[in-house]
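# Working through the structure, step by step
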Amino acid sequence: MAKYGDAREAAFHCVSCDADGIVECGESDRGVSFGFADSVFQTGKLLWATLLKARAAREMSQLFARAGKSEKSKHYAAIYARLRQKTAEVFRHSSGLLLSATGICRQPDVWGSAYALYYDLVPEKSAAAISDALAKFYRENEISCEGQICHVPHSYFANDASCWQKTSCKIAVNIYQNGAYWATPTGWVVYAIAQRHPAEAEKLFREYIRHLQKSDFRLKGKNGAPWECIYPADGYFQNAVYLTSVSCPLAAAQRLMQEAKQAR
């Protein structure tokens with residue numbers, strides 16, 4: 001790491017990657033690919049860590065451009081462009097979504113796919129496939145409940161006892177990151193669906209709003225929505241007044257409104 005005098009560059013290059021820059025790991029050297037899936041045991045090439053790296057590369061390019069370091073800026077712009085293309089190739093899945101990992105937990109990732117489209121981390125063809133797939137899974141009641149989103153489409157759950165093929169600790173199905181529904185990615189999913197299926201996107205977002213109105217913590221003695229995650233069929237509601245369950249969908253809604261104004 002000595003060749004990277006800048007701390008940001010050292011941090012950027014510290015993760016294990018393949019020759020194309022795709023983040024990868026094995027069972028003995030694995031870490032957490034993404035904070036909202038920190039209980040999921042993933043190996044091989046990792047979608048979320050690669051998406052975060054691609055976004056970081058774009059931001060590094062912008063930072064170096066502002067600092068007047070054009071060669072550095074071009075270097076990281078090239079990394080971003082390569083990761084954007086390779087992500088679509090490496091994690092492609094027949095469902096239209098992107099795989100969460102290529103080793104253990106080789107399953108379509110709803111959150112990661114929507115995030116990839118939202119932050120322009122895959123080419124247009126892949127983004128279109130993601131929009132179509134999310135709309136299809138939404139219509140078929142595979143990914144949402146009261147406007148909130150699970151990590152994996154139901155038809156791709158590992159088995160009846162677990163959403164994921166493997167978790168790093170024992171978690172019952174439909175609990176927490178193992179099949180429960182979250183509002184954190186709702187905005188990303190709504191935005192992704194809206195690119196090609198605006199009616200379905202609006203319906204999903206209205207379901208989310210109705211849930212907030214019905215379960216508003218101010219009506220429930222400060223013990224209500226926005227929840228961290230839910231599974232209403234089992235009476236499961238975890239962590240009341242959870243900030244990202246509002247802030248992330250709000251940001252996506254504001255972006256959609258702004259883009260709609262610009263398109264007029």
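Here, every reference points to the structure presented above.
Residues numbered from 1 in each chain as written. Predicted model: local features only at pLDDT ≥ 70, side-chain atom pairs only at ≥ 80, totals over all residues. Heavy atoms only, no water.

### Examining the packing of helix 4 (residues 110–118) against helix 6 (residues 186–194)
When two helices pack together, you describe them by how their axes are tilted relative to each other and by the distance separating the axes. Note the following rule: Between N-to-C directions, angles cover 0 to 180 degrees, with each direction set by a line fitted to C-alpha atoms, over the stretch in contact for helices. Helix and strand assignments come from DSSP, with helices taken as H or I runs of at least 4 residues and strands as E runs of at least 2, each series counted from the N terminus. Just so you know how the angles are binned, under 35 degrees is roughly parallel, over 145 roughly antiparallel, 65 to 115 roughly perpendicular, and the rest oblique. Here a crossing is taken to be left-handed if its near helix is turned anticlockwise relative to the far helix by less than a right angle, and right-handed if that turn runs clockwise. Whether two residues are in contact is decided by their heavy atoms, any of which lying within 4.5 Å being enough.
Two numbers describe how helix 4 lies on helix 6: the axes approach to 8 Å, and their chain directions differ by 60°. Judged by the angle between their axes, helix 4 and helix 6 are oblique. Helix-helix and strand crossings are classified by hand; for helix 4 and helix 6 the assignment is left-handed. Side by side, helix 4 and helix 6 meet where V110, W111, A114, Y115, L117 and Y118 of the first sit next to W188, V189, Y191 and A192 of the second.

### Let's talk about the environment of R8
As a reminder of what qualifies: Residue burial is assigned from relative accessible area. The probe radius is 1.4 Å, only protein chains are included, and a residue is buried under 20% of its type maximum, exposed over 50%, and partly exposed in between. Distance and chemistry together define a polar contact, namely a pair of N or O atoms within 3.5 Å, with one atom able to donate a hydrogen and the other to accept it when in protein, and with adjacent residues in sequence counting only for side-chain atoms on both sides.
Within the fold, R8 resides in helix 1 (residues 7–12). Assessed through its relative accessible area of 47%, R8 is described here as partly exposed. Taking C-alpha positions, R8 is 30 Å from I104, a pair spaced 96 residues apart along the chain. Engagement of the side chain of R8 in a polar contact is seen with the side chain of D6, the distance being 2.7 Å.

### Thoughts on the nonpolar core
Counted only if it meets this: Take the buried residues of types Ala, Val, Leu, Ile, Met, Phe, Trp, Tyr and Cys, join any two whose side-chain atoms come within 4.5 Å, and each joined set is a nonpolar core.
Within the largest apolar cluster, 61 residues are counted, with the highest numbers of intra-cluster contacts made by V110, W111, L134, W188, V189 and I193. Beyond its immediate chain neighbours, meaning those up to four positions away, V110 contacts L97, L134, I143, I149, C150, H151, V152, P153 and V189.

### Section: helix 5 (residues 124–139)
Put simply, the test is: By definition here, a helix of n residues has an expected span of 1.5 Å times n minus one.
In a regular helix each residue adds 1.5 Å, so 16 residues correspond to 22 Å; helix 5 covers 23 Å between its end C-alpha atoms and thus fits that length. The set of residues buried in helix 5 consists of S126, A127, I130, S131, A133, L134, A135, F137 and Y138. Of the residues one or two after helix 5, N141 is the one with positive phi, at around 60°.

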